[in-house]
Amino acid sequence: MRYEGEHLYRDELDHQREQVILRMSFRICHISQCREFYAVADMLQAMKVANPPKPKVFNKAQLTEFIKKHGLKTGQAYDLPETLSTSDTALLKQGYKGWLAKRDDKFRKIASLTAPHLLEQYLYGKGLGAEIAALIATPGSTWKSKGAYHNALNRFIVFGMVPNALVSFKWSEIGKNYPVADTPDDPIIKRGRGGKHNQNSLSDFRGITARDKKNIEDVVKQWIREGKKLSRRKIFDRYQDTFEVSTVVRQVGQHEILYHDLLPPEKRISPRMFYYHFNRIFSRADQLKMEEGSFKFEKDHAARQGTALDGIIFLKMTVLFNSLA
């Protein structure tokens, strides 16, 4: 089953650079309420332009055929830029006050168009021509073209439907100096789509900390030392079993039995946050080696040294003999 935020991609190993390179990368940005239609964005394009185009719509059969035709891998969430969840406080400290004002102004202009039923209408229905025309006609409106609304709305949808998607500067230039919390008790905790106090989100998961990142790295390194092949789900389960459970002693008859329960969401990081930092710690080449095992990776994917003539027996001797004849 496809899901919102899923990454559809094709990668391959570049032997010269010894890196796994993304050749195609798409993100399912939105799924219709009837779950029959999917809005899909080309993320290789979207990450390079100021105004990414409107996501392309597929029905179930078309998307299945598209994935099959291009040999796309599925089942993983697309890792949006971490800076999409950077708090206003951190951006202000980095001197982006002017950018935040522009972001807020843009969002105010399109806020009425981001209602769920209007997003459905924009992506899968008749569009929002009438609604945008009404906004343009509003006294005091500074956007006089439908294109301005379309550009902002497309960017909002492609980059996770959060206000920070409307920030105009490059993703690579922001959030680099964000003061990451050391522990969950640290007051500097990064907020996400839900707002400063998470009031706008259905998710209660807390933000990532430096300790969490270290724990993720330790769990995966231990997994590698044990010689196991890659299974992100199993690694996440082990992470939770190690760091996100509480032990409860329960009386059963005359015996005390230990039960292990997951901590409440506000004391855990989300699965998506785990996978995001997992991918930051371990390169695609490292993950490919874990998936297939070191022997198969070296045989099928590792860079080869030498030339195409190496290993051809007596070739040079034959040339020498012919020259002497």
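Residues numbered from 1 in each chain as written. Predicted model: local features only at pLDDT ≥ 70, side-chain atom pairs only at ≥ 80, totals over all residues. Heavy atoms only, no water.

1. Things to note about the nonpolar core
The test is simple: The definition of a nonpolar core used throughout is a set of buried Ala, Val, Leu, Ile, Met, Phe, Trp, Tyr and Cys residues joined through side-chain atoms within 4.5 Å. Only protein chains enter the accessibility calculation, which uses a 1.4 Å probe; a residue whose area is less than 20% of its type maximum is buried, one above 50% is exposed, and one in between is partly exposed. In this description a helix means any DSSP run of H or I spanning at least four residues, a strand means any run of E spanning at least two, and both kinds are numbered starting from the N terminus. For this analysis, residues touch if any pair of their heavy atoms sits within 4.5 Å.
Formed by 29 residues in total, the largest nonpolar core has its most connected members in Met43, Ile110, Leu128, Tyr149, Leu153, Ile157 and Phe159. Listing elements by their share of this core, those giving two or more residues are strand E3 (37-42), helix H1 (43-46), helix H5 (116-124), helix H6 (129-137) and helix H7 (146-158). Element by element, the count of residues in this core is highest for H7, at six residues. Look past the residues within four positions of Leu153 in its chain and what remains in contact with it is Ile110, Leu113, Thr114, Leu119, Tyr122 and Leu128. Counting residues in each nonpolar core, the second largest holds 15 residues, with Ile216, Val219, Trp223 and Tyr239 among its members.

2. As for unusual backbone geometry
With a phi angle near 60 degrees, Arg35 is a residue other than glycine that sits in the positive phi range. By secondary structure assignment, the location of Arg35 is in the loop between strand E2 (19-31) and E3. Its identity is not glycine, yet Met161 carries a phi of approximately 55 degrees, on the positive side.

3. Topic: helix H9 (residues 232-243)
Note the threshold: A helix is expected to reach a length of 1.5 Å times the quantity of its residues less one. This arc is taken over the directions from the axis of the helix to the C-beta atoms.
In this model H9 runs 16 Å from its N-terminal to its C-terminal C-alpha over 12 residues, within 8% of the 16 Å that 1.5 Å per residue would give. Three or more residues of H9 are buried, namely Arg232, Ile235, Phe236, Tyr239 and Gln240. Across the axial projection of H9, the buried residues extend over an arc of 140 degrees, all falling on one side. The exposed set on the far side of H9, more than 90 degrees from its buried face, consists of Lys234 and Asp241.

4. Quick look at the pattern of salt bridges
Note the following rule: Salt bridge criterion: a side-chain nitrogen from Lys or Arg within 4 Å of a carboxyl oxygen from Asp or Glu.
Applying the stated criterion across every chain, the model contains 11 salt bridges. For Arg108, the salt bridge goes to Asp105, with nearest N and O atoms at 3.9 Å. Within this pair, Arg108 and its partner Asp105 are both found in helix H4 (residues 97-110), separated by three residues, close to a single helical turn. Residue Asp105 is classed as partly exposed on the basis of its relative accessible area of 29%. Via salt bridges that share partners, Asp88, Arg103 and Asp104 belong to a single interconnected network.

5. Some words on the packing of H5 against H7
For clarity, the cut-off: Angles here are taken between N-to-C directions and fall from 0 to 180 degrees, while the axes themselves are lines fitted to C-alpha atoms, restricted in helices to the stretch in contact. An angle counts as roughly parallel when it lies under 35 degrees, as roughly antiparallel when it exceeds 145, as roughly perpendicular when it falls between 65 and 115, and as oblique in every other case. Gly falls in the polar group here, along with every residue not listed as nonpolar (Ala, Val, Leu, Ile, Met, Phe, Trp, Tyr, Cys, Pro) or charged (Asp, Glu, Lys, Arg).
Two elements in contact, H5 and H7, have axes whose closest approach is 12 Å; the angle formed by their N-to-C orientations is 105 degrees. When the axis of H5 is compared with that of H7, the two are roughly perpendicular. When H5 is examined against H7, the residues Leu119, Tyr122 and Leu123 are found in contact with a partner set consisting of His150, Leu153, Asn154 and Ile157. For the contact of H5 with H7, a count of residues per class yields five nonpolar, two polar and no charged.

This is a description of form; function is not addressed.
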